[in-house]
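Breakdown of the fold
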Amino acid sequence: MERPMLTKRVVPCLDVRNRKVTKGVKFQNNVDLGDPIEMAVAYSDGGADELVFYDITASAERRPIDIDMVKEIGKVVHIPFAVGGGIESLDDMYRVLLAGAEKVSVNSLAVRNPQIIAEGARIFGSQCIVLGMDPVKVEDASTFPSGYEITTRGFRERTGMDALEWAKRAQDLGIGEIVVNSVDADGTREGFEIALTKLIATNVGIPVVASGGGGTPQHLTDVFVQAHADAAIIASMVHTGDYTIAAIKQDLDAAGVPVRKKW
Amino acid sequence: MIAIVDYKAGNLTSVKLALEHLGVGCEITREPAVIRGADRIIFPGDGAAASAMEHLRELELVEPLRDVVAKGTPTLGICLGTQVIMDWSDENGGVACMGLLPGTVKRFEASGPFCKIPQMGWNTMRFARKHPLFNGIEDDSEFYFIHSYYPVPATGELVMGETQYADATFASAVGKGNLFATQFHPERSGRVGMRFVENFTKWNGQC
């Protein structure tokens with residue numbers, strides 16, 4: 001069978017706090033890394049296939065997402081980008097999409113009110129509604145058959161929901177894509193959580209994005225080849241300047257992973 | 001002035017931002033008179049065919065669009081906009097569409113266990129023929145796609161570019177005369193896509 005020519009996506013993620021890109025380990029001890037707009041342009045020009053922005057304190061501070069920032073990004077970036085954090089309603093989704101984002105990411109809101117997925121998909125189209133999920137490994141196999149429980153609010157709250165069941169339910173409700181962000185691997189730079197990503201990616205028919213733990217180009221190759229992820233989110237490894245998108249893609253290409261090579 | 005047709009089907013802002021970046025005047029509109037008077041038309045869209053056709057009828061935009069295409073106004077369809085200009089879409093159990101270009105719209109079938117639908121991401125387009133909108137763009141360049149359905153034009157001469165995904169080698173660009181339409185999103189396809197949009201802003205509608 002001929003391989004589809006669709007390329008695997010390399011997606012820098014910009015966690016934004018007070019208009020600064022920040023990065024922590026397992027959702028804690030965040031340090032500021034730079035200006036989100038400047039970094040967005042640099043990644044877009046440098047070969048990123050998409051960008052993701054999370055307004056990471058909007059939810060905790062109970063304020064709406066920073067729409068002005070979304071508008072500024074839309075003006076300078078000519079590749080698709082997703083926005084999440086502090087999405088509390090269909091109105092919030094609409095404002096983000098109207099500001100120029102291709103996709104809006106829901107996480108805690110979808111856990112509290114799963115029907116918001118169906119409503120968002122009906123109004124805006126499945127393709128622009130992304131489910132972010134933060135699963136954590138658990139031992140209790142009777143309650144959590146997949147071995148992973150969904151957490152929300154940056155690992156602060158457990159939900160009692162099984163990760164795979166939630167992924168399948170979200171698919172049935174009409175979600176367009178699932179970002180699987182491993183709480184255990186987040187910020188460690190020790191590799192994506194292959195078993196978890198593979199479990200979700202091979203059990204749903206929609207694209208799955210691996211997130212959390214990417215530290216070297218080999219980690220991306222592993223998650224694309226072994227876990228069948230459709231895209232990989234990276235942060236620290238490029239934010240620190242340790243790797244460029246071009247260098248990562250060169251390695252992926254050498255390993256036989258289809259990537260976009262011209263930009 | 002370029003009219004960006006607003007029929008409640010999303011992705012209007014990214015098109016507007018791309019045109020503003022190029023310094024080209026544009027207006028997001030659902031007014032038939034504005035559409036009829038525009039120098040060029042962009043007909044975008046995301047979402048589903050049935051509600052798109054419902055909105056187009058409700059807003060009484062089908063006839064103005066038919067008229068501007070007939071009188072030679074350069075017109076660019078994007079994504080769902082490309083699907084609803086065909087005769088018929090299989091989406092939502094089957095929907096009669098605008099019939100500005102003969103053909104139908106079909107759904108991808110997964111070609112293997114890890115083949116995901118929708119197609120979401122960057123894929124190459126191979127030119128089926130030369131076209132002014134391809135000026136300065138290399139053959140097999142990559143564009144951004146996000147879709148589960150694809151156009152199947154009635155005849156091969158309507159195919160402008162082809163892309164391979166899932167079970168199909170499909171027409172990722174279609175056109176006839178002053179009407180051109182892409183399944184991909186040029187406004188979000190980086191530098192190559194911006195060149196395509198720029199070509200459209202200068203196109204006189206001749207091939």
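These remarks concern the structure in this document.

Definitions and limits used
- Residues numbered from 1 in each chain as written.
- Chains lettered and ligands numbered in written order.
- Predicted model: local features only at pLDDT ≥ 70, side-chain atom pairs only at ≥ 80, totals over all residues.
- Axes fitted to C-alpha atoms, helices over the stretch in contact; angles between N-to-C directions.
- Helix = DSSP H or I, 4+ residues; strand = E, 2+ residues; numbered from the N terminus.
- Parallel < 35°, antiparallel > 145°, perpendicular 65-115°, else oblique.
- Left-handed = near helix turned anticlockwise from the far one by under 90°.
- Contact = placed C-beta atoms within 7 Å.
- Pairing = 2+ DSSP bridges.
- Expected span 1.5 Å × (residues − 1).
- Buried ≥ 20, exposed ≤ 12 C-beta atoms within 10 Å, placed from the backbone.

Turning next to the packing of helix α8 (residues 217-225) of chain A against helix α10 (residues 245-254) of chain A. Residue and element names in this part refer to chain A. α10 packs onto α8 with a crossing angle of 50° between their chain directions and a minimal axis gap of 9 Å. Looking at the two axes, α8 sits oblique to α10. Crossing geometry of α8 relative to α10 is assigned as right-handed. Across the interface between the two elements, Pro217, Leu220 and Thr221 from α8 touch Ala247, Ile248, Asp251 and Leu252 from α10.

With that settled, the discussion passes to the pairing of strand β12 (residues 168-176) of chain B. All names here are of chain B. Sheet topology places strand β11 (residues 159-165) next to β12; six bridges connect them, and they run antiparallel. Residue pairing across strands places glycine 161 opposite alanine 173, the latter belonging to β12. Bridging between β12 and strand β13 (residues 179-182) involves four bridges; their strand directions are antiparallel. Residue pairing in the sheet places glycine 175 in a bridge with phenylalanine 180 of β13. In this antiparallel pair of consecutive strands, β12 and β13, the connection spans two residues, and glycine 177 shows a positive phi of 55°.

With that settled, consider the sheet that holds strand β9 (residues 141-147) of chain B. All names here are of chain B. Taken in spatial order, the nine strands make up an open sheet running β2-β1-β3-β4-β13-β12-β11-β8-β9, and their pairing is mixed. Unpaired on one side and paired on the other, β2 (26-29) and β9 mark the two borders of the sheet. Direction aside, neighbouring strands of the sheet carry axes that sit 25° apart on average. Summarising the sheet, strand β4 (residues 75-78) and β13 pair through four bridges and their orientation is parallel. Bridging from a neighbouring strand, isoleucine 78 pairs with threonine 182 of β13.

Here we come to helix α6 (residues 190-202) of chain B. All names here are of chain B. End to end, α6 covers 19 Å across 13 residues, agreeing with the expected 18 Å (1.5 Å per residue, within 8%). All buried positions along α6 are accounted for by Gly190, Gly193, Phe196, Val197, Glu198 and Phe200. Buried residues belonging to α6 abut α1 (12-21), β4 and β9.

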